[in-house]
Amino acid sequence: MSETTNGRLGLPETGPPRFESLDAVRGGLSKVGYLADESISGVVYLADRLSKPVLVEGPAGTGKTQLAKSVAELTGARLIRLQCYEGLDESKALYEWNYRKQLLRIQAGEHGKGETEGPSWHELEEDIFSEEFLLTRPLLEAIRATEPVVLLVDEVDRVELETEALLLEILSEYQVSIPELGTVRASQLPMVFLTSNNTRELSEALKRRCLYLHIDYPDLEREREIVRAKVPGISEELADQVARIVRSLRTLELRKAPSVSETLDWARTLVLLGVQTIDAAEAKDTLHILLKYQADIERATKELLSASSN
Amino acid sequence: MLDLLSGFVTELRRSGLPVSLTEHLDAAEAVQHIPLEDREGLKYALAATLVKSSSHWRAFETAFEVFFAVRPGGGAGEEGDELGEGEGDTESEGAPGDEGRLPGQGRSWKGGGGGEGMTPEELAELLFKSLMSADAAMMNVVARNAVDRYAGMEPGRPVGGTYYLYRTLRNLDLDAVLERLMQQAQAGAAGGALTDLEERLAADEYKARIDKFRRAVETEIRRRLVEDRGAEALARSVRKPLPEDIDVMHATRDELAMLHRVLQPLSRKLAVRLARKRRHGRKGPLDFRATMRRSLSTGGVPVEPRFRHPRPAKPEIFVIADISGSVASFARFTLHLVYAISSQFSKVRSFVFVDGIDEVTRFFEGVVDPAEAVARINTEADVIWVDGHSDYGHAFTEFERRWGDQVTSRSSVMILGDARNNYHASQSWVLEDLQARARRVYWLNPEPRDYWGSGDSIVGEYAAHCDDVVECRTLRQLEKFVGNLA
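Residues numbered from 1 in each chain as written. Chains lettered and ligands numbered in written order. Predicted model: local features only at pLDDT ≥ 70, side-chain atom pairs only at ≥ 80, totals over all residues.

Draft legend 1. Structural view of the overall build of chain A. Along its length, chain A carries 15 helices and 9 strands. Relative to its length of 310 residues, chain A is extended, with a C-alpha radius of gyration of 25 Å against a globular reference of 19 Å. For the C-alpha atoms alone, the extent of chain A along its principal axes is close to 95 × 45 × 35 Å. A fraction of 75% describes how many contacts in chain A between residues 6 or more apart in sequence connect residues 24 or more apart. (Helix = DSSP H or I, 4+ residues; strand = E, 2+ residues; numbered from the N terminus. Rg over C-alpha atoms; globule rule 2.2 N^0.38 Å. Contact = placed C-beta atoms within 7 Å.)

Draft legend 2. Highlighting the overall build of chain B. Each helix and strand counted, chain B has 21 helices and 6 strands in total. Counting across all 486 residues of chain B, residues that qualify as buried make up 36%. Across chain B, contacts joining residues at least 24 apart in sequence account for 74% of those joining residues at least 6 apart. (Buried ≥ 20, exposed ≤ 12 C-beta atoms within 10 Å, placed from the backbone.)

Draft legend 3. Examining the packing of helix α3 (residues 38-50) of chain A against helix α3 (residues 39-50) of chain B more closely. Where α3(A) contacts α3(B), the axes come no closer than 9 Å and their chain directions differ by 60°. Helix-helix and strand crossings are classified by hand; for α3(A) and α3(B) the assignment is right-handed. Of the residues in α3(B), those in contact with E38(A), S39(A), G42(A), V43(A) and L46(A) of α3(A) are E40(B), G41(B), Y44(B), A45(B) and A48(B). Each residue belonging to the contact of α3(A) with α3(B) can be placed in one class, and the counts come to 5 nonpolar, 3 polar and 2 charged. (Axes fitted to C-alpha atoms, helices over the stretch in contact; angles between N-to-C directions. Left-handed = near helix turned anticlockwise from the far one by under 90°. Nonpolar A, V, L, I, M, F, W, Y, C, P; charged D, E, K, R; others polar.)

Draft legend 4. Region of the structure containing the nonpolar core. Ranked by size, the top nonpolar core spans 128 residues in total, and within it V43(A), F193(A), L211(A) and L213(A) carry the most contacts. The element that contributes the greatest number of residues to this core is helix α11 (residues 196-229) of chain B, accounting for 11 residues. Those residues in contact with L211(A), other than ones at most four positions away along the chain, are V43(A), L46(A), A47(A), K52(A), V54(A), L55(A), A48(B) and T49(B). (Core = buried A, V, L, I, M, F, W, Y, C linked by C-beta atoms within 7 Å.)

Draft legend 5. Representation of the sheet that holds strand β5 (residues 149-154) of chain A within the structure. All names here are of chain A. Strand order in the open sheet formed by 5 strands is β2-β5-β8-β1-β9, with parallel pairing between adjacent strands. The open sheet is flanked by β2 (78-83) and β9 (211-214), the only strands paired with a single partner. The average angle at which neighbouring strand axes cross in this sheet is 20°, direction not considered. Across 6 bridges, β2 lies against β5 in parallel orientation. The partner of L79 across the bridge, within β5, is V150. (Pairing = 2+ DSSP bridges.)

Draft legend 6. Fine view of the sheet that holds strand β6 (residues 468-471) of chain B. All names here are of chain B. On the basis of which strands lie adjacent, the open sheet formed by 6 strands has the order β3-β2-β1-β4-β5-β6 and mixed pairing. Because the sheet does not close on itself, it has two edges, and the strands there are β3 (357-359) and β6. The mean angle between the axes of side-by-side strands here comes to 20°, regardless of whether they run parallel or antiparallel. Examined bridge by bridge, strand β5 (residues 440-445) and β6 share 4 bridges and lie parallel to one another. Residue L444 lies in a different strand from β6, and its bridge partner there is V470.

Draft legend 7. Region of interest: the pairing of strand β2 (residues 347-353) of chain B. Residues and elements named next belong to chain B. A large share of β2 lies buried, amounting to 6 of its 7 residues. Here strand β1 (residues 316-322) pairs with β2 via 7 bridges, running parallel. Pairing of I317 across the sheet is with V348, part of β2. The handedness of the β1 to β2 crossover, carried by helix α15 (residues 328-340), is right-handed. With 3 bridges connecting them, β2 and β3 associate as antiparallel partners. (Right-handed = clockwise from strand over helix to strand, strands pointing away.)

Draft legend 8. Layout of the environment of R244(A). For R244(A), the position within the fold is in helix α12 (residues 236-251). Under the C-beta neighbour-count criterion, R244(A) is labelled buried, with 22 such atoms within 10 Å. Each C-alpha atom, one on R244(A) and one on E223(A), is 9.1 Å from the other, the two residues being 21 residues apart in sequence. Once you skip the residues sitting within four places of it in the chain, R244(A) turns out to touch L220(A), L201(B) and E205(B).

Draft legend 9. Examining unusual backbone geometry more closely. A positive phi is found at Y174(A), a non-glycine position, where the angle reads about 55°. Looking at the element boundaries, Y174(A) is found in the loop between α9 (161-173) and β6 (175-178).

Draft legend 10. Just the interface of chain A and chain B, in detail. Tallying the contact residues gives 40 residues for chain A and 38 residues for chain B. Elements represented by at least two residues in the side of chain A that touches chain B include exactly α3, α6 (99-113), α10 (204-208), β9, α12, α14 (280-290) and α15 (294-305) of chain A. Per-element tally for the side of chain A that touches chain B: the top contributor is α3(A), with 7 residues. Residue composition of the side of chain A that touches chain B, by class: 17 nonpolar, 10 polar and 13 charged.

Draft legend 11. α9(A), seen in detail. Residue and element names in this part refer to chain A. At L167, α9 shows its largest kink, close to 35°. Looking only at α9, the buried set comprises L167, I170 and L171. Directly after α9, the chain includes Y174, whose backbone phi takes a positive value near 55°. (Bend = angle between axes of the 7 residues up to and from the residue.)

Draft legend 12. Spotlight on the environment of K69(A). Residue and element names in this part refer to chain A. By the element assignment, K69 lies in helix α4 (residues 64-75). Judged by the 18 C-beta atoms lying within 10 Å of it, K69 falls in the partly exposed class. Sequence separation between K69 and A145 is 76 residues; the distance between their C-alpha atoms is 17 Å.

Draft legend 13. Spotlight on the confidence of the model for chain B. All names here are of chain B. Mean pLDDT for chain B: 74, with 80% of residues reaching 70 or above. Mean pLDDT across the elements of chain B ranges from a minimum in helix α6 (residues 102-107), with 36, to a maximum in helix α2 (residues 21-32), with 88. This model gives residues 72-116 a pLDDT under 50, and the stretch forms 38 contacts once residues within four places in sequence are excluded. Predicted as a complex, the structure gets a pTM of 0.71 and an ipTM equal to 0.80. (pLDDT = per-residue confidence, 0-100.)

Draft legend 14. Region of the structure containing the packing of helix α1 (residues 2-14) of chain B against α2(B). All names here are of chain B. For the pair α1 and α2, interaxial distance at closest approach is 11 Å and the crossing angle is 140°. Between α1 and α2, the interaxial angle falls into the category oblique. With respect to the hand of their crossing, α1 and α2 are arranged in right-handed fashion. Here L2, L5 and V9 of α1 come into contact with α2, specifically with H24, A27, A28 and V31. Taken together, the residues that form the contact of α1 with α2 break down as 6 nonpolar, 1 polar and no charged. (Parallel < 35°, antiparallel > 145°, perpendicular 65-115°, else oblique.)

Draft legend 15. Representation of the confidence of the model for chain A. Of all residues in chain A, 90% have pLDDT values of 70 or greater, and the mean over the chain is 82. Between residues 1-9 of chain A, whose pLDDT stays under 50, and residues either more than four places distant or in other chains, the model counts 14 contacts.

Draft legend 16. Region of interest: the environment of R349(B). Residues and elements named next belong to chain B. As for its placement among the helices and strands, R349 is situated in strand β2. The buried category is assigned to R349, around which 20 C-beta atoms lie within 10 Å. Each C-alpha atom of the pair R349 and Q435 lies 17 Å from the other, and the pair is 86 residues apart in sequence. Those residues in contact with R349 that sit more than four places away from it in its chain are F318, E359 and T361.

Here you go:
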């Protein structure tokens, strides 16, 4: 299916699909230590079949970046990462001409000339705008790679609205146009993940080109599984308690709800301290691992850990 | 399938989701990769291709439930068998005692289709058991029976089902069930009583289960409505506005809670956007020194010019808000939003009034979460002068007398209110004075423009002395206004 579609749209041919079925995605991800729920594995599967980038949104610390890493590990692909920040521009994301080297080349041409004929301006121009003088940046690198790659564009919401436009060509056509060189097309289709912490609305144009995946805090069962998978030596009972306390914390109105990675930190701490079952005193002492604001800690202590809520 | 999908997309667009043609095509392609019988898979495939913002999820889910409701047929048949078994069990257990009362009670319930044979007590018992054991299948059975028995659904009525839901849940009395679950948990605790922490955790667990049950009932009701009237007709009745488009003045309690939830990310986004705009909006003059310094690495050729960062002055904001009953929630949202982005202003001062006026800036000082301060305003601000009915005229004269001289040419004044003055004197000369001194005077009116000037609304009289009067009914409008202010 995907082959014919891509032919129609003039995209580079895809290889065989990376995943056999939905279950293969899910099983594979859990094998590399990422416990995906249905929506996550479903979207990853579709991304492969439709050759579309995935835009992953959700609160911090729910495993958005980890998803891309795990998919890379699962498919045996190289991970190319573009960390976005304010002020990111073409020369940092796509490609840049190596000015210094070009200048050197021009100066070398003048010196070598002596009395006889040097290279003509035309030859020189051809020369200094050849691939030798091109510095590839992550996006171009992902397109030019011959081996399978996974491209991760991290925290895409940090770049300015105008800079987003840089991504559009690569996301929909898998190609980069360099005025002096022509168009560089992908020899293989990379899997692309974009993550966003939702600090601003992304442009419609970007969203339209992507599959959208919202990763929220996991439900109780999944969080318990994650804790058990990621924290060696934790008892089932403790994992259950950890997951339940964290869920209760998330229902409170906190400034910053505990993320999955903080849950894991907390579980590890408890294991290190040799705690078998959590009681109020221990929870109170270690709460600062889960919550990072004093106001939150006070509130949680009051609501959850002190005198009866009835 | 394609027809169904088109209908679905149309419905999404009607609820305000921007679904483009490309996305529709993507969805059509995506569903071909999903096995047809996988309903959850279908949902995620459609969500991934059609919904591009988490705040649209609720609208999507509602539409999905309606358009792709579990159809009666294969699936329902199986569950029907299950239902039969469940009934069999309970009946054989409690048969002799209840049998006699059954027929008499059975008659009085309308539309008791599949639920015959279960008394309310048995139903309650079954509900309790299913919640205790978190058995999803049993919960669905109970939900179906409960809807049969209590909802009293009348075919053909153009309703969204909220009332049926209410009627069903009222009869089941979930609060009492929760209490009973908690007692059971207490009794079952290993070492006698539960500790407070355990108790709290158990309560949260049961609440989550009850919530799940409530959703099961809702799904059941919706499924029957779809059967009765068809998907598109129902979709029209259950359509809900996006959070940004909810009319703040007429929001229900649930909607207000939802607005609160979206307000925080919204204000954060706004703050980030404004900070960026401030830094990048205009380019400053050429920074000659930095350009020369930079050119050294390219052999003295100034390849990249550098510019100085512009530092525009930040405005000073006076917010004057009516917090009388009719517009209180609107004032709260606005204050919250303004304070969330207060770093974009050199100073924010806020005043609230009903017929008296009080400065509430102090509540916001040193508070991390504006919501807390806003909550304190309601209880602590001194805003009643005579009778607690809005009197804009008195509030304005009072403002002028006490703080008027602090409004300078650097201040922007925002006035929030519906200008329903209960036929008091308008005292609009105050605004005239303010306008002469302040940089700008804005009036934000939470009423629809059509109502302005009707009844005791005298917004027209004030409008003459404002730089702009803006209709501000939804968060979207509010965000736009505040965004332009900074």
